[in-house]
Amino acid sequence: NTRIVTYIKMAMLRHLGRSLPNICTQNAGVISTAKYHEKVIDHYENPRNVGSLDKSDINVGTGLVGAPACGDVMKLQLKVDENGKIIDAKFKTFGCGSAIASSSLATEWIKGKNVNEAMKIKNTDIAKELNLPPVKLHCSMLAEDAIKSALNDYKVKQESKAAAAAMQ
């Protein structure tokens with residue numbers, strides 16, 4: 001997991017320096033993140049719940065979303081117990097610091113919630129918590145879409161399970 005985090009951080013540093021000149025600058029190889037809010041920097045430097053769950057597990061929902069315009073790709077997975085409570089969540093994101101922070105925050109917020117509560121998480125809540133500027137709102141939108149996509153995948157798996165049980 002630390003190798004994955006290190007790889008993602010290195011890729012993101014390259015991505016930040018190459019594609020976001022108005023948000024960060026490079027001075028002697030050091031990237032300045034002065035315009036990012038401290039919460040974004042915290043989630044970027046210390047991402048929570050990075051990794052993967054077993055997508056073949058009937059209790060795991062997987063959401064994979066992307067924004068072709070900026071190249072951000074987000075995979076979010078959640079594991080639900082028999083009572084409908086989300087007991088684990090993981091993510092892998094290729095994108096800017098705001099995309100990583102949005103993914104990290106989303107996994108923190110959905111853990112411990114039931115599926116109906118998690119469905120109510122809005123991108124505006126994520127953006128507000130991270131103090132995202134308007135140019136970065138698509139990152140919080142991706143996080144909301146990833147949550148909804150993962151919950152939908154989980155729901156489809158549960159419906160298939162119920163249909164298979166009814167046929168027996």
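Reading the values: rules and limits
Residues numbered from 1 in each chain as written. Predicted model: local features only at pLDDT ≥ 70, side-chain atom pairs only at ≥ 80, totals over all residues. Heavy atoms only, no water. UniProt positions renumbered as here; feature names shortened; annotations may be inferred. Salt bridge = Lys/Arg side-chain N within 4 Å of Asp/Glu carboxyl O. Buried < 20%, exposed > 50% of the residue type's maximum accessible area, 1.4 Å probe, protein only. Helix = DSSP H or I, 4+ residues; strand = E, 2+ residues; numbered from the N terminus.

In the nomenclature of an unreviewed UniProt entry, the protein is known as Iron-sulfur cluster assembly enzyme ISCU of Hirondellea gigas. The Sequence similarities (unreviewed entry) field of the UniProt record for the protein holds the comment "Belongs to the NifU family."

Further remarks concern the pattern of salt bridges. For the coordinates displayed, the defined rule picks out six salt bridges. Across the pair Arg 48 and Asp 42 runs a salt bridge, and its minimum N-O distance is 2.7 Å. Note on Arg 48: relative accessible area 22%, which makes it partly exposed. For the salt bridge of Lys 148 with Glu 144, the shortest nitrogen-to-oxygen distance reads 3.3 Å. Taken together, the residues Lys 148 and Glu 144, both in helix 6 (residues 137-167) and four residues apart, mark about one turn of the helix. Relative accessible area serves as the criterion here: at 10%, Glu 144 is assigned to the buried category.

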